[in-house]
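Given next are the chains, with one letter for each unit.
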Amino acid sequence: MSFSFLFPGQGSQYSGMFKDHFEEFPEFNEVIGAGEEFYKEDLRNIIFSDDSRLSDTYYTQPILMLMSYALFEVWSKNNCPIPKVAAGHSLGEVSAFLCAGSLTLEEALQLIKYRATFMIEGKGETKTKMSAVLGLDGEAIKKILRDKKAKFLEAVNMNSPSQTVIAGNADEIESVKNDLNENGAKRIIDLAVSVPSHSSLMEIATTKLKLVLDDLKIDKPTFPIIQNIQAKIPLSIAEICENLAQQISKPVQWVASMNRLKKYGLEMHIELGPNKVLSGLAKQNRVQGEFASLDNIDTFKELLKKYGK
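About the thresholds
Position numbers for residues start from 1 in each chain and track the written sequence from start to end. Restriction of local features to residues with pLDDT of at least 70 applies here, the model being predicted, together with a cutoff of 80 or more for giving and counting side-chain atom pairs; totals for whole chains, interfaces and linings are based on all residues. Working from all heavy atoms in the structure, the side-chain values ignore hydrogens and water. Pairing between two strands is assigned when DSSP locates at least 2 bridges connecting them. Segments assigned H or I by DSSP are reported as helices when at least four residues long, segments assigned E as strands when at least two residues long, and all are numbered from the N terminus. Contacts between residues were defined by any pair of non-hydrogen atoms, one from each residue, lying within 4.5 Å. A fitted line through C-alpha atoms serves as each axis, taken over the contacting stretch for helices, and the angle formed by two N-to-C directions is quoted from 0 to 180°. The cut-offs for exposure are 20% and 50% of the maximum accessible area for each residue type, with area from a 1.4 Å probe on protein chains only; residues under the lower value are buried, those over the upper are exposed, and the others partly exposed. As used here, the arc is the angular range of directions from the helix axis to the C-beta atoms. Distance and chemistry together define a polar contact, namely a pair of N or O atoms within 3.5 Å, with one atom able to donate a hydrogen and the other to accept it when in protein, and with adjacent residues in sequence counting only for side-chain atoms on both sides.

> Help me out: how do you make sense of the sheet that holds strand 2 (residues 85-88) in this one?
Strand pairing in a sheet is mediated by backbone hydrogen bonds. Such pairs are either parallel or antiparallel. What the five strands build is an open sheet, ordered 7-2-1-8-9; its pairing is parallel. In the strand order of this sheet, the two ends are held by strand 7 (225-226) and strand 9 (290-293), each with one partner. With four bridges connecting them, strand 1 (residues 3-7) and strand 8 (residues 268-271) associate as parallel partners. In the strand pairing of strand 8, phenylalanine 5 is matched with isoleucine 270. Helix 11 (residues 254-262) contacts strand 1, strand 2, strand 7 and strand 8 of the sheet and is inclined by roughly 170 degrees relative to strand 2.

Next comes the structure, spelled out in structure tokens:
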């Protein structure tokens, strides 16, 4: 079987996620335990108690990465094969490099803690919001934002031909919704995130993160990873680090990334994280093949049985 791994980012989380997995697979408790030891926080309580911190960037990023890694650990310990290629959306890119062995779990937690902290600091006191605009072409959205001449409005995630995420000052996001609707947007959904990721407001965070990455020993990944900002597979460790730093202040080029994925002609795409957000976006980008979300424990068990050794 030829397949890809897809690692989701912020916005895919939900309260109570992976409850069955925690009960079934010891790797989940082991991985979250390592995260709790590092953060000195009860991360399990945040996941399972309807805690609002689940949408707080400082906690969302490590929790999602840990969940992806726990899935991968179960997959690996059942001797299932590695993917032909992988892609991670935003935060998911760090999860991908962790699972590909470029980072140890401790290094990845350190990187994510700095990443989230720098992003929160970059936001400052600005009241911001991110919203997904559905049913309107990305270029049309960019023109509307330019014409608005707002202080801070940007298109930041090019997710599919019919979905683009915008970020901006919360009041200005509200003020542009009528313009978007009048020009054909079918729906506008405010996202459960606390910082304007991939916007110019994060440029200072990028500068700070570069210094952190300089101090980390990043190894060559065991499987190729399409990185967000150029939709290409990096050729060197230096390029990996530069892209990881730049991606928090540059738009996610997911349409281009999915076009790159199509060239592999894969039979299946496996999503390692909560929900089916990336499977849905892949279909919107007309990626061919079957899709499987490991969020569904029955699907996960079937794949482990089928491909494990």
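Following the structure, the description resumes.
> Teacher, can you tell me more about the sheet that holds strand 4 (residues 153-160) here?
The antiparallel open sheet is built from four strands, whose spatial order is 4-5-3-6. With one partner strand each, in any of the chains shown, strand 4 and strand 6 (187-190) form the two edges of the open sheet. For this sheet the average axis-to-axis angle between neighbouring strands, irrespective of direction, equals 25 degrees. Relative to strand 6, strand 3 (residues 128-134) runs antiparallel, the two sharing four bridges. Along strand 6, the bridge assignment pairs alanine 132 with isoleucine 189. Here helix 8 (residues 170-182) sits on the sheet and contacts strand 3, strand 4, strand 5 (163-169) and strand 6; the angle it forms with strand 5, its principal contact strand, is near 140 degrees.

> I'm lost on helix 13 (residues 297-307) in this one. Help?
A turn of α-helix holds 3.6 residues, and therefore any two residues three or four places apart point the same way. Here helix 13 has its buried residues at Ile297, Phe300, Leu303, Leu304 and Tyr307. For helix 13, the buried positions fall inside an angular range of 125 degrees around the axis, keeping them on one side. Relative to its buried face, helix 13 has exposed residues pointing more than 90 degrees away, namely Glu302, Lys305 and Lys306. Tucked inside the fold, the buried residues of helix 13 contact helix 1 (19-24), helix 4 (57-77), strand 8 and strand 9. With a side-chain oxygen lying 2.9 Å from the backbone nitrogen of aspartate 298, the N-terminal cap of helix 13 falls on asparagine 296.

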